[in-house]
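What follows is the residue order along each chain.
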Amino acid sequence: MPAPLLPAHLAHKSALVLIPPSPISTPIQSLRRVHDRNFNRWPPHVNLIYPFLCAPSSNIDAILARIRSALSQSSSHAVSSFTVRLDRSAHFQHSRDSSTIYLTASGHESEEGMRLTRVENLQKALQLEFSECDADTRPYVPHLSIGQVKRPKHVEALKVEVEATMKAFCPAGMEGFWGLDWLVDRVVVIEREGQHDPFRVVGEVLLYPERERATIDDKLTEFVEEDLRKP
């Protein structure tokens, strides 16, 4: 199916994403290699904004500056790095004969779920900054795609395979449980030449370490308190 037409300033050949670090990519890639038709084009990733601006590499400094601005002006003053535990598989059902299985974190009642909310808040801050990237109007659902299946009965089969693969990768002592701990510490801009070419990283912005973020917030508090004390 051809990609839908976009305004001239947007492209399906670029995206703003989170990319998991190498230590946890091994089981993800072993599953994607078999089940994901996009394995050779996309790295393992969680989309933040897609489609994104056309040819970002031609204006990467300005784009990275906008990302930094969005992060520094968020409601938490400075978005810090955080850890998400990918410990659940779920699926999107596109039609009766088409589903995508993906990894995500547990529900919002858990600590990991609260951190999943931080992914949503990160996306919200970036979407506000890049408001012109408005082609996808669906509610945002953070997810890392593992593969596609064509029959409903294959959905549960792939979820069982995901669980078995993850349990085999997890450290001893986690019998009955699995989870990939992902330190989310950067926002990445990726781009590809043609629609069927592999994406490459063209820029990234590091998130503040938690301790540095705390220092920044303390300084902001001190500044406000000092300003209030002025006659």
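Residues numbered from 1 in each chain as written. Predicted model: local features only at pLDDT ≥ 70, side-chain atom pairs only at ≥ 80, totals over all residues. Heavy atoms only, no water.

- Named according to an unreviewed UniProt entry, the chain is LigT-like protein originating from Athelia psychrophila.

Details of the overall build of the chain
At step 1: Along the chain, the regular secondary structure elements total five helices and eleven strands.
At step 2: The buried share of the chain, reckoned over its 231 residues, is 42%.
At step 3: If you take every contact in the chain between residues at least 6 apart in sequence, the share linking residues at least 24 apart comes to 73%.
At step 4: Summed over its atoms, the accessible surface of the chain is roughly 13,100 Å², and 54% of this surface lies on carbon and sulfur atoms. (Helix = DSSP H or I, 4+ residues; strand = E, 2+ residues; numbered from the N terminus. Buried < 20%, exposed > 50% of the residue type's maximum accessible area, 1.4 Å probe, protein only. Contact = heavy atoms within 4.5 Å. Areas by Shrake-Rupley, 256 points an atom, 1.4 Å probe, with all protein chains shown as cover.)

As for unusual backbone geometry
At step 1: A cis amide bond links Tyr 50 to the next residue, Pro 51, at an omega of -5 degrees.
At step 2: Following the sequence through the fold, Pro 51 ends up in the loop between β3 (46–49) and β4 (52–53).
At step 3: Here the phi dihedral of Ala 55 falls at roughly 45 degrees; this positive angle occurs in a residue that is not glycine.
At step 4: As for its placement among the helices and strands, Ala 55 is situated in the loop between β4 and α2 (60–72).

A few points about the pairing of strand β8 (residues 144–149)
At step 1: Where burial is concerned, most of β8 is hidden: six out of the six residues are buried.
At step 2: As defined by bridge partners, strand β7 (residues 98–104) adjoins β8 across five bridges and the pair is classed as antiparallel. Each bridged residue has a counterpart across the sheet, and for Ser 99 the counterpart in β8 is Val 149. (Pairing = 2+ DSSP bridges.)

Concerning the nonpolar core
One broad rule of soluble globular proteins: the nonpolar side chains tend to lie buried together.
At step 1: Membership of the largest hydrophobic core comes to 46 residues, with the highest contact counts inside it found for Leu 16, Ile 67, Leu 103 and Leu 126.
At step 2: In terms of residue count, α2 provides more of this core than any other element does, six residues in total.
At step 3: Setting aside its immediate chain neighbours within four residues, Leu 126 contacts Leu 16, Leu 48, Ile 49, Ile 67, Ala 70, Leu 71 and Val 187.
At step 4: Judged by nonpolar contacts, the second largest core, of six residues, contains Ala 15, Val 17, Val 188 and Ile 190. (Core = buried A, V, L, I, M, F, W, Y, C linked by side-chain atoms within 4.5 Å.)

Overview of the side chain of Ser 14
At step 1: Within the secondary structure, Ser 14 sits in strand β2 (residues 14–18).
At step 2: With relative accessibility at 1%, the residue Ser 14 sits in the buried group.
At step 3: At 2.6 Å, the side chain of Ser 14 forms a polar contact with the backbone oxygen of Leu 53.
At step 4: When near neighbours in sequence (up to four residues on either side) are disregarded, Ser 14 contacts Tyr 50, Pro 51, Phe 52, Leu 53, Cys 54, Pro 56, Ile 190, Glu 191 and Phe 199. (Polar contact = N/O pair within 3.5 Å; in protein donor to acceptor, adjacent residues only side chain to side chain.)

Some details on the packing of aromatic side chains
At step 1: The final tally for this structure, using the stated rule, is four aromatic pairs.
At step 2: Ring centres of Trp 42 and Tyr 50 lie 5.1 Å apart, and the angle between their planes is 80 degrees; on these two criteria the pair is classed as edge-to-face.
At step 3: Note on Trp 42: relative accessible area 9%, which makes it buried.
At step 4: Between Phe 52 and Phe 130, the ring centres sit 5.2 Å apart and the planes meet at 65 degrees, which makes this aromatic pair edge-to-face. (Phe/Tyr/Trp six-rings, centres within 6.5 Å; stacked < 30°, edge-to-face > 60°.)

As for the sheet that holds strand β6 (residues 88–95)
At step 1: Pairing is antiparallel across the open sheet formed by three strands, whose spatial order is β6-β7-β8. The open sheet has two edge strands, β6 and β8, and neither has a second partner. Strand-to-strand, the axes of this sheet are offset by a mean angle of 25 degrees, without reference to chain direction.
At step 2: Packed on one face of the sheet, helix α1 (residues 22–35) meets β7 and β8 and runs near 30 degrees to β8.
At step 3: The sheet contacts of helix α4 (residues 152–169) involve β6, β7 and β8, and relative to β7 the element is tilted by about 25 degrees. (Axes fitted to C-alpha atoms, helices over the stretch in contact; angles between N-to-C directions.)

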